[in-house]
Amino acid sequence: MKKIVSFITAFLVIVSAFAQQRTIRGKVTDGNGKPLQGVNISVKGTTTATQTDASGSFTISAADRSVLVFSSVGFASQEIAIDQRTEFDIALSQRPTDLTEVVVTALGQTKNKDKVGYSATTFRSDDIIRSAPVSAMDGLQGRVAGADISTISGQPGASSRIIIRGYNSIGGQSNQALIVVDGVPFNNSRLGSFNDFANSGGPDFGNGLNDINPNDIDNITILKGAAASSLYGSRAQNGVVLITTKKGRAGKLSVDFTSSAITTTVAKLPTMQDRFGQGWFGNDWMEENGSWGPRLDGKERLWGSIVDNSRLIKPYSFVEDNVRNFYDMGTELNNTIAIRGGNETTTFYLSYGNVNSNGILPGKSDVYKRNTLSMRGQTKAGKFLASASLNYINKAGNTVNTVSDETGSSTFENIIQVPVDINMTDFKDYNNKFFNVNNYFTPYASNPYYSIFENGTTNKNDRFFGNTEFGFDFSKAVNVRWRTGIDVANARSKDWHAIEDPGPGTWRGPNPTNAEGASFTALVGDVRELSDYVREINTDFFVNVNKDIAKDINLSGFLGANYNDQESRRHASRVIGLTIPGFYNLSNSANDPVTTTASTKRRLIGAFGQANFAYKDFLFLTVNARNEWSSTLPEGNNSFFYPGTNASIIPTRIFDMSSTPISFWKIRAAYGKTGKDAPVYSLESTLRSGNAALGFGNLIFPLNGVSGFEMGDIIGNSKLKPEQTTELELGTEIRLFKNKLGIDFTYYNKRTDGQIIQVPIAASTGYQNLITNFGLVENKGIELAVDITPVKSRDFTWTTNFTFTRNRNKILELPEGLEKVDFNSYFDVKMTGRVGQPVGVIEAPKKLMTEDGRYVTANGFFAETNTALPYGSIQRDYSMGLNNTLTYKNISLGFNLDYRKGGYFVSRTADLGYFVGNAALTAYNDRKPFIIPNSVIQTGVDAQGKPIYAENTTPITMANYYAYWYHTSNKAHSWENIILPKDFLKLRDITLSYRLPAAWAKKISAQNVTISLIGRNILLWVPQKNSFIDPEVTNLGNDLIGEFGEQATSATTKSFGAALKFNF
Amino acid sequence: MKKYIIITAITALAFTSCKKTLDVNTDPDNPGVDQATPTLVLPSGIASAAGRIGGDLAILGGIWAQYYTQGTTASQYRDVDAFNVTKSYGQTTTGVAWVELYSGALNDLNFVVNKSKQEQNWNYFLMGTVIKTYTLQVLVDLYDKVPYSEAFQGAANLQPHFDDGYTVYKGLLAELDSALNKDFDASTNSIAGTNDFIFPDAANSWSIEPWVRFANTLKLKMYLRMAYAKPADAQAGIQKLYTDGALFLNQDAQMDVFVNAPDKANPFYSYNFLEIGTDANLKASVTFLSWLQVNGDPRLNDYYFPATNSPNYLAINQGDFFNTDAALNGASKARVDPTDPVEFISLAESHFLQAEALEKYYGGAGAKSHYDAGVTASFARYGDNPASFLAAGGRYVYPSGTAEQKLEAIITQKYASFPGSHALEGWLERNRTGYPRISTVYSTSGAYVPGQLVYPKNGITNGVFAKRLIWPDLERSKNANTPAEEPLTAKVWWDVR
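Computed from a predicted structure; not experimentally measured. (Residues numbered from 1 in each chain as written. Chains lettered and ligands numbered in written order. Predicted model: local features only at pLDDT ≥ 70, side-chain atom pairs only at ≥ 80, totals over all residues. Heavy atoms only, no water.)

Peer 1: Would you take a moment to explain the overall build of chain B for this structure?
Peer 2: Of the regular secondary structure elements, chain B holds 19 helices and six strands. Over its C-alpha trace chain B gives a radius of gyration of 26 Å, about what one expects of a compact globule, namely 23 Å for 497 residues. The C-alpha extent of chain B, read off along each of the three principal axes, is 110 × 55 × 45 Å. Expressed as a percentage of the 497 residues in chain B, the buried residues total 65%. Long-range contacts, defined as pairs at least 24 residues apart, comprise 73% of the intrachain contacts of chain B with a sequence gap of at least 6. Carbon and sulfur atoms make up 52% of the accessible area of chain B, which amounts to about 16600 Å² in all. Distance from the positive charge centre (40 side chains) to the negative charge centre (50 side chains) of chain B: 4 Å. (Helix = DSSP H or I, 4+ residues; strand = E, 2+ residues; numbered from the N terminus. Rg over C-alpha atoms; globule rule 2.2 N^0.38 Å. Buried < 20%, exposed > 50% of the residue type's maximum accessible area, 1.4 Å probe, protein only. Contact = heavy atoms within 4.5 Å. Areas by Shrake-Rupley, 256 points an atom, 1.4 Å probe, with all protein chains shown as cover. Lys, Arg positive; Asp, Glu negative; His and termini not counted. Charge placed at Lys NZ, Arg CZ, Asp CG, Glu CD.)

Structure follows, in structure tokens:
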């Protein structure tokens, strides 16, 4: 039957040229009567096309016997013959994995999903902005099988991390998916963030992807496998996030306005013990920064510093919600106005978006402001078409630095160190004589309000990106496209620490008046300035062909070339030790500034092609290939080639399965390669400006007026080859019970070989790293997506989507002699990679046991093993997402659960909590003296050299109770308590929406008005052992290294608010 | 057809300029290795060596020599003070001293040695060889076996073999001899001037002569280090020095360019005071402070600060960091100033080495005057005068007893000259000679003799002292030739007494 239809269609096309044109109007809705915006309507066989507006209405001009094709990403496309009608009301079915869904594939092309032999997940605008997120990815957390999407802190505008199908790169810095906006690569780096990948925890100003206003996005498609992404070339090794922005459409001018107002509050905080108050060793020492003092008794007591012979008085009792009270309520306002319109040949889209957010820290210390301006237009003149997109982003933010060093202190470290009986909010008046620099109660930490109000970190970023596209349609079968994109950003960051230098003879100054005689080590203050500039130009030229070469066989494809040019320049200066307090400029110091500059330039040339064969409507085969020439590889050896292929077959269209519950069944297979070039300047060894590392601190040249250079620690490699990822993917989609149940299952096996990384080498070679190709990492796993429509009636619909992801990651090879790679470390705890193990095993010494299972002790503490042993890996066992939408008439309720199981992280927040005796567990045994149960002590060795043990009789007393919990004396015990499980369950969002009846909306001359109540991250469950912090946060960057854990960082937030959308 | 022509033309155009277009891979921010010269690289090599040997290793040596102990209100060095030092000692984000000494200092110094040899720039050849030798000698003294003959070869040998300490010593002494035998008047030599961090001078008055003395004194020190393990070698080597009329150091061989500024200050100071963020860690040990006090030694206030809010000095018994006595909270802090130099071989040390050599191999002729000069130099460093101590009946008068008694006096005075950035040498020489002696009782006992080392209170090695460092995990995990692990208490090759 299909065959006949297409024959008729072809006939109609020919005839149509002679037929009479008429104007056709109509309205497109989803299955539930909700108007659908942005549906593409084209007249089959012509270039005439339009889109629906916000009310779902469209107008198009077509000949009498034309066929209209209605298509929209995420919906089944429909073909309707006009048959002399002029009014149409069409309902498209809303299943996200429907049979004839259109998906965006490589290079801005779209393809019928049937023909795609790999797994791709698409989200429409409504899904993305359901909970009015500031960053597009926030709306997708937990919703993509095979992708791990996280936000790394609770600061407004924080970076997100997108890891698709596991960590491939042992280099640990480049596992993020490639972001492509309207066919052009998009810089996703964390511009303006100091120390991006160092484990020193520099401030985070968000990654590039967060610059895009989610309201401007029409849809996001996630390409996971190499077969899908190989056409993007060397940067697509970790998968691709394809973002298609909203375009104009023909018809009357339409205005969309969306607005949300959200309040945020702090979510998970450390659980404190509530039995013991300020002091140390069980003594009530009033200058201590911890809760190792006597038992709380609720009695009125003098506390804090003695100033002018006076002291404060307060009850010696636990302060409820002490840390929580430090935080404020944050606000987030997010507005977008978008105008679109046009006629059949020319359309435009204009939007302005504004985010104004003040986070949960007091004052303006965490602020995020973003203005986005977008202009898009396209026009057609006969066979020519042209389009352009211009976007300007102006972003500004303040955040807090989480580094603590000689120049200043970290707010979060100071918060953790306030004893549980001291009301933190009292310190807010940090100029008060009892809480100021001279007389803050402890010389061992700083007033957190001083560090938050006097220190600061700001960032400003101007970014411009856009593209132009020109096309010419030679015929129905052949057209050319030339697309050029540019992305330029300039971020400026500055951070500063105030001088904190208590005066001599004060409570905490030199010759202090406190009883312990301890002085605060003066913080000398610093200023850093950073300028980050990046620029990328990308141009693609391609020829598309689409032809039926024989009866039943369709051939389509394209050939193209690509040129990509990237440039960056990073300039940072820092001066330590300020002269004039409170004046933050590089000139304000007796010391010379330390300045670094890093410039990079790289170019890529690519040639690519794709051929698609279709046999009837049930067998599809795609073959693609790309060759690339990179500037970063050795001359003469800089070309690399990678092919990909994928196929799909639809048995339900070959065999009659109408008697079974199976309504649709597709089988997919794909195989692909992606290559990757080297980092810039990897081929040669260089000199570096002299800098001797002291362990703590440095000696930096020039010294004594002498300039010095040293041999770099990295050996360049002029024989580098491109690295390669090879991936096999098998999958199937099956729909049952008249599409009420859909299952999409994928298995993949991906191997990344010959990775170009800086391999750590033995220092006795004279160097620390060798740049080389090595290392084979395997990621294999399964992805399952199930969608169910348990109830579907006229008024009530319930749809639910479930995703399950399980990735197994393993290092298969390391270079000879290299036992392991250390990715990161915290004291003796390391995150390593070893052959046969996953990338990122957390290792540390463990408690030493006798053969018969007793604890060996030394000085009453646990003795530890000589070697580091695994505590677990950073990798998750599996993750699951559950997304529900319930619609009753005009009311819709949606919620999204995200569960991630397995994996460990290292928490400095926990470590500090144990150190100062605030952590809940430190009230163990009511702090009474005890001997470690089942423990022995080694007294010597026997004739065979075997250890001889005796019963351990050394108790842990109040004097060393704190040492029992801290890693300087009781290491293995401490590692057990700070290596925490990463598991969590989050209610990512819940939204309740009400769409005003059309009649009401009309009264305010609107077409569509929706009001929503929104909650984000309002529930978090973690295992009992993690009584400290949301396991998703890190201040160690948004790549592999950040999976190690956190270095005393910001808590996450939960949000409530409302959003309003209307269209007129 | 036209379209194919256009495509072909565009493609062709693209690829003809391809090669040039892709030629953008030269680092604009870091000079190529071909631009390195000995003048440019030697200062970095010296700074790296001084940074670790006079920094974190001096702190380690200072605790183990019992000049210092861990304070009771902080915890940074508890593991050091308890001999609970694992393979990862001192590991921070920037790596252990081993890593900086090999890849920072020695790689630069090795370049200086090779390049200056090639250029016949014998001044730099000697300077490079001396600091390279000094650095490797410290590594041998700490780790016993270290990579030497196969080291510094970069990618050509990724897993260098470890040589035993004696072999390394012999190799280094031969390198020193070779460097000393060059023609320092050759026209190919260049003048170091103020680029010389050890003996800086104006270009027109700069001379290699102090370096020759430094090299000779270093040879003397190394031969004495092997005096018990390889007595014949030591004797032959030292006698040759004297026969050849070798000149020894008559000034401090030290890096004295530090200023009170971040990234430019004395490394011990930077590490312990500036960067760690508290000065509560390194406190006076009863062991050494009691000796200074019992002798009324004026260097007391040069080595330590008085206790907080007190004119008096207060020490903590070695390793007693769990003591909860609040009185100890303000105990005397170690005194190292940001502008203190890092000594490689001090003038006092040069005299003490000569005194020992003369005592051992030349019947003691002239030993006393070098001993007196050594004590005087040590006092003079802090503006003090030991005349009354050295005069007849004085506390430090050179003994007239047995050779061993004289050795004990020399080594004890040498030990007393080392606190601060030179503290590591105090611990090494104690291990070689056995002085100061080890106490049979803890320092809280009434029977305790001031100045004797005690087993640290919270030590975890069952009464056996630390004698070395364990090869770092950072080396072992990348170099399969790392020898089987030796415990912290195993002696190094020259430690036989």
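Peer 1: Help me understand the packing of aromatic side chains in this model?
Peer 2: Each aromatic ring pair is summarised here by two numbers: the centre-to-centre distance and the angle between the ring planes. Summed over all chains, the structure comprises 85 aromatic pairs over all chains. Ring geometry for Phe 257 of chain A and Phe 1062 of chain A: centres 5.4 Å apart, planes at 55°, overall tilted. Here the residue Phe 257 of chain A occupies a position in strand E17 (residues 251-266), and Phe 1062 of chain A occupies one in strand E58 (residues 1053-1063), the gap between them amounting to 805 residues. Overall, the relative accessible area of 24% leaves Phe 1062 of chain A in the partly exposed class. The lysine or arginine in question, Lys 230 of chain B, covers the ring of Tyr 166 of chain B, its NZ or CZ lying 4.4 Å from the ring centre. (Phe/Tyr/Trp six-rings, centres within 6.5 Å; stacked < 30°, edge-to-face > 60°. Lys NZ or Arg CZ within 6 Å of the ring centre and 35° of its normal.)

Peer 1: Please clarify how the environment of Ile 60 of chain A should be interpreted in this entry.
Peer 2: All names here are of chain A. Inspection of the secondary structure assignment puts Ile 60 in strand E4 (residues 57-63). On the basis of relative accessible area, Ile 60 is assigned to the buried category, the value being 0%. Ignoring any residue separated from it by four or fewer positions in sequence, one finds Ile 60 in contact with Arg 22, Thr 23, Ile 24, Ile 41, Ser 42, Val 43, Thr 48, Ala 49, Thr 50, Leu 68 and Glu 344.

Peer 1: What's the story with the interface of chain A and chain B in this structure? I'm lost.
Peer 2: Frequently, the measure chosen for interface size is the accessible area removed from exposure when the parts meet. With 100 residues of chain A at the contact, the number on the chain B side is 105 residues. In this assembly, chain A and chain B are joined by three salt bridges. In this structure, Lys 820 of chain A and Asp 473 of chain B form a salt bridge, with 2.8 Å as the shortest nitrogen-oxygen distance. Across the contact surface, chain A and chain B share 28 residue pairs in polar contact (both at pLDDT 80 or more). (Salt bridge = Lys/Arg side-chain N within 4 Å of Asp/Glu carboxyl O. Polar contact = N/O pair within 3.5 Å; in protein donor to acceptor, adjacent residues only side chain to side chain.)

Peer 1: In this structure, what is going on with the pairing of strand E51 (residues 904-907) of chain A? I would like to understand it.
Peer 2: It is a general feature of regular strands that their side chains alternate between the two faces of the sheet. Residue and element names in this part refer to chain A. Of the strand pairs in this sheet, E51 and strand E54 (residues 979-981) are connected by three bridges, and their pairing is antiparallel. Bridge pairing in E54 links Phe 905 to Leu 980. As judged from the two bridges shared by E51 and strand E57 (residues 1045-1046), these two strands associate in the parallel manner. Bridge pairing in E57 links Val 906 to Gly 1045. (Pairing = 2+ DSSP bridges.)

Peer 1: For this particular structure, what's the right way to read the side chain of Lys 406 of chain B?
Peer 2: Residues and elements named next belong to chain B. Structurally, Lys 406 can be placed in helix H17 (residues 403-415). No salt bridge is formed by the buried Lys 406. Its closest oppositely charged neighbour is Glu 359, at 4.1 Å. Discounting chain neighbours no more than four positions away, the residues touching Lys 406 are Glu 359, Tyr 398, Pro 399, Ser 400 and Gly 401.

Peer 1: Explanation requested: unusual backbone geometry in the structure shown.
Peer 2: Across the chain, the bulk of peptide bonds are trans and the bulk of non-glycine residues have phi less than zero. All names here are of chain A. With an omega of 0°, the peptide bond between Phe 701 and Pro 702 qualifies as cis. With respect to the secondary-structure elements, Pro 702 resides in the loop between strand E34 (697-700) and strand E35 (709-711). Phi is positive for Asn 739, which is not a glycine, with a value near 70°. Considering the arrangement of structural elements, one finds Asn 739 in the loop between strand E37 (723-736) and strand E38 (741-753). We classify Asn 739 as buried; its relative accessible area is 13%.

Peer 1: I keep staring at a nonpolar patch on the surface and nothing clicks. Help me out?
Peer 2: All names here are of chain A. A contiguous nonpolar surface patch, about 690 Å² in accessible area, is contributed by Ile 337, Leu 350, Tyr 352, Leu 373, Met 375, Leu 390, Tyr 392, Phe 464 and Ile 486. With respect to the helices and strands, Leu 390 occurs in strand E23 (residues 384-399). Classification of Leu 390 as partly exposed rests on a relative accessible area of 36%. (Patch = residues over 30% accessible without salt bridge, like charges linked within 9 Å, V, L, I, M, F, W, Y side chains within 5 Å.)

Peer 1: Got a minute to help me understand the side chain of Asn 1008 of chain A in this structure?
Peer 2: Residues and elements named next belong to chain A. Mapped onto the elements, Asn 1008 comes out in strand E56 (residues 1008-1021). Residue classification places Asn 1008 among the buried residues on the basis of a relative accessible area of 15%. If we skip the residues at most four places from it in the chain, Asn 1008 touches Ala 54, Arg 995, Ala 1001, Lys 1061, Phe 1062 and Asn 1063.

Peer 1: Help me understand the sheet that holds strand E39 (residues 755-760) of chain A, please; the structure alone is not making it clear to me.
Peer 2: Paired through backbone hydrogen bonds, the strands of a sheet run either parallel or antiparallel to each other. All names here are of chain A. Spatially, three strands are ordered E36-E40-E39 in an open sheet, and the strand pairing comes out mixed. The sheet is open, and its two borders are formed by strand E36 (714-715) and E39, each paired with just one other strand. As paired strands, E39 and strand E40 (residues 769-774) are joined by six bridges and run antiparallel to one another. By the bridge assignment, Val 759 is partnered in E40 with Leu 770.

Peer 1: What is the right way to read helix H10 (residues 231-243) of chain B from this model?
Peer 2: Residues and elements named next belong to chain B. When the terminal C-alpha atoms of H10 are compared, their 18 Å separation across 13 residues agrees well with the 18 Å that a helix rising 1.5 Å per residue should span. Of the residues making up H10, those classed as buried are Ala 234, Gly 237, Ile 238 and Leu 241. On an axial view of H10, the arc spanned by its buried residues comes to 95°, and they lie on one face. Across H10 from its buried face, at more than 90 degrees, point the exposed residues Ala 232, Lys 240 and Thr 243. Buried-residue contacts for H10 involve helix H9 (209-225) and helix H14 (347-361). (Expected span 1.5 Å × (residues − 1). Arc of directions from axis to C-beta.)

Peer 1: Whenever I open this one, the packing of H9 of chain B against helix H18 (residues 423-433) of chain B confuses me. Can you help?
Peer 2: Two packed helices can be described by the angle between their axes and the distance between those axes. Residues and elements named next belong to chain B. Look at H9 against H18: their axes get within 10 Å of each other, and the N-to-C directions meet at 40°. Taken together, H9 and H18 sit at an angle that is classed as oblique. Residues Lys 221, Leu 224 and Arg 225 of H9 lie in contact with H18, whose contacting residues are Glu 425, Leu 428, Glu 429 and Arg 432. Across the contact of H9 with H18, the residue classes break down as two nonpolar, no polar and five charged. (Axes fitted to C-alpha atoms, helices over the stretch in contact; angles between N-to-C directions. Parallel < 35°, antiparallel > 145°, perpendicular 65-115°, else oblique. Nonpolar A, V, L, I, M, F, W, Y, C, P; charged D, E, K, R; others polar.)

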